[in-house]
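Residues per chain, in single letters:
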Amino acid sequence: MTKKIFLFTLLVSSFLVISCGNDSTNPETEKPIGTGIDTKYVGTYENNAAEGKNGTMQVIYEVTTDGGINTTINYYSNGQTYTGALLAKEIDKYSDTKYKSSFGAGETFEFSADGSSLTITSPSISDNPIVLTKK
């Protein structure tokens, strides 16, 4: 009798362990659904007074027709300019508005639904998100 109770308890606990391992209780990390930024966001986004780790700066992100990004950052405090580019294959798409760089510091790019603004989270240039407006 004890053996049957033990086996029954083992069986029930096994079902509980298996049922608790579903996606709703153990969600996986987000997975990309593509690469490159959609063409509806092509254009230049700018913020002339962004606060960064090195002081106030001008931040310009140009979304290119091939889905990449050209970056220009002008630091007012020391007069230095940083330019860079991300290729479309270095940008992972997570939704219609959310993208993330698969290269470097892992910047995230989130567009407004109408494409009029771009919010950038970049730990290498600022501790806070930077909002850019389409020009």
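Now for a description of the structure that goes with this document. (Residues numbered from 1 in each chain as written. Predicted model: local features only at pLDDT ≥ 70, side-chain atom pairs only at ≥ 80, totals over all residues. Heavy atoms only, no water.)

1. Comments concerning the packing of aromatic side chains
The full count for this structure, using the stated rule, is five aromatic pairs. With a centroid separation of 6.4 Å and 80° between ring planes, the pair formed by Tyr41 and Tyr99 is classed as edge-to-face. Separated by 58 residues along the polypeptide, Tyr41 in the loop between β1 (34-35) and β2 (43-52) and Tyr99 in strand β7 (residues 98-101) bring together distant segments of the chain. Relative to Phe111, the ring of Tyr45 has its centre 5.6 Å away and its plane inclined at 70°; by these criteria the two rings are edge-to-face. A residue pair is termed long-range when its members are at least 10 positions apart, and Tyr45 in strand β2 and Phe111 in strand β8 (residues 108-111) qualify at 66 residues. When its relative accessible area of 0% is taken as the criterion, Tyr45 is described as buried. (Phe/Tyr/Trp six-rings, centres within 6.5 Å; stacked < 30°, edge-to-face > 60°. Helix = DSSP H or I, 4+ residues; strand = E, 2+ residues; numbered from the N terminus. Buried < 20%, exposed > 50% of the residue type's maximum accessible area, 1.4 Å probe, protein only.)

2. Quick word on the nonpolar core
Of all hydrophobic cores here, the largest spans 21 residues; its most connected members are Tyr61, Phe109 and Phe111. Those elements that provide at least two residues to this core are β2, β3 (55-63), β4 (69-75), β8, β9 (117-121) and β10 (130-134). For this core, the element with the highest residue contribution is β3, accounting for four residues. Once you skip the residues sitting within four places of it in the chain, Phe109 turns out to touch Tyr61, Ile69, Leu86, Thr97, Lys98, Tyr99, Lys100, Ser101, Leu118, Thr119 and Ile120. (Core = buried A, V, L, I, M, F, W, Y, C linked by side-chain atoms within 4.5 Å. Contact = heavy atoms within 4.5 Å.)

3. Describing the pairing of β8
Here β8 shows one buried face, formed by Phe109 and Phe111, and one open face, formed by Thr108 and Glu110. Pairing between β7 and β8: three bridges, direction antiparallel. Within β8, the position partnered with Tyr99 by the bridge is Phe109. Pairing of β8 with β9 involves four bridges; the strand directions are antiparallel. Bridging across to β9, Glu110 finds its partner in Thr119. Hairpin geometry of β8 and β9 is characterised by an intervening segment of five residues between the two adjacent antiparallel strands and by a positive phi of about 80° at Gly115. (Pairing = 2+ DSSP bridges.)

4. Here we look at the sheet that holds β7
Across the sheet, ten strands lie side by side as β1-β6-β7-β8-β9-β10-β2-β3-β4-β5; this open sheet has antiparallel pairing. Where the open sheet ends on each side, the last strands, each with one partner, are β1 and β5 (81-86). Here β2 pairs with β3 via eight bridges, running antiparallel. Pairing of Gly43 across the sheet is with Val63, part of β3.

5. Brief notes about the pattern of salt bridges
All chains considered together, the criterion is met by three salt bridges. A salt bridge links Asp38 to Lys93; the shortest N-O distance between them is 3.0 Å. In this pair, Asp38 is assigned in the loop between β1 and β2 and Lys93 in strand β6 (residues 91-93), connecting sequence segments 55 residues apart. Among the residues examined, Asp38 registers a relative accessible area of 22% and is labelled partly exposed. Note that Lys93 is salt-bridged to Asp96, the shortest N-O span being 3.8 Å. (Salt bridge = Lys/Arg side-chain N within 4 Å of Asp/Glu carboxyl O.)

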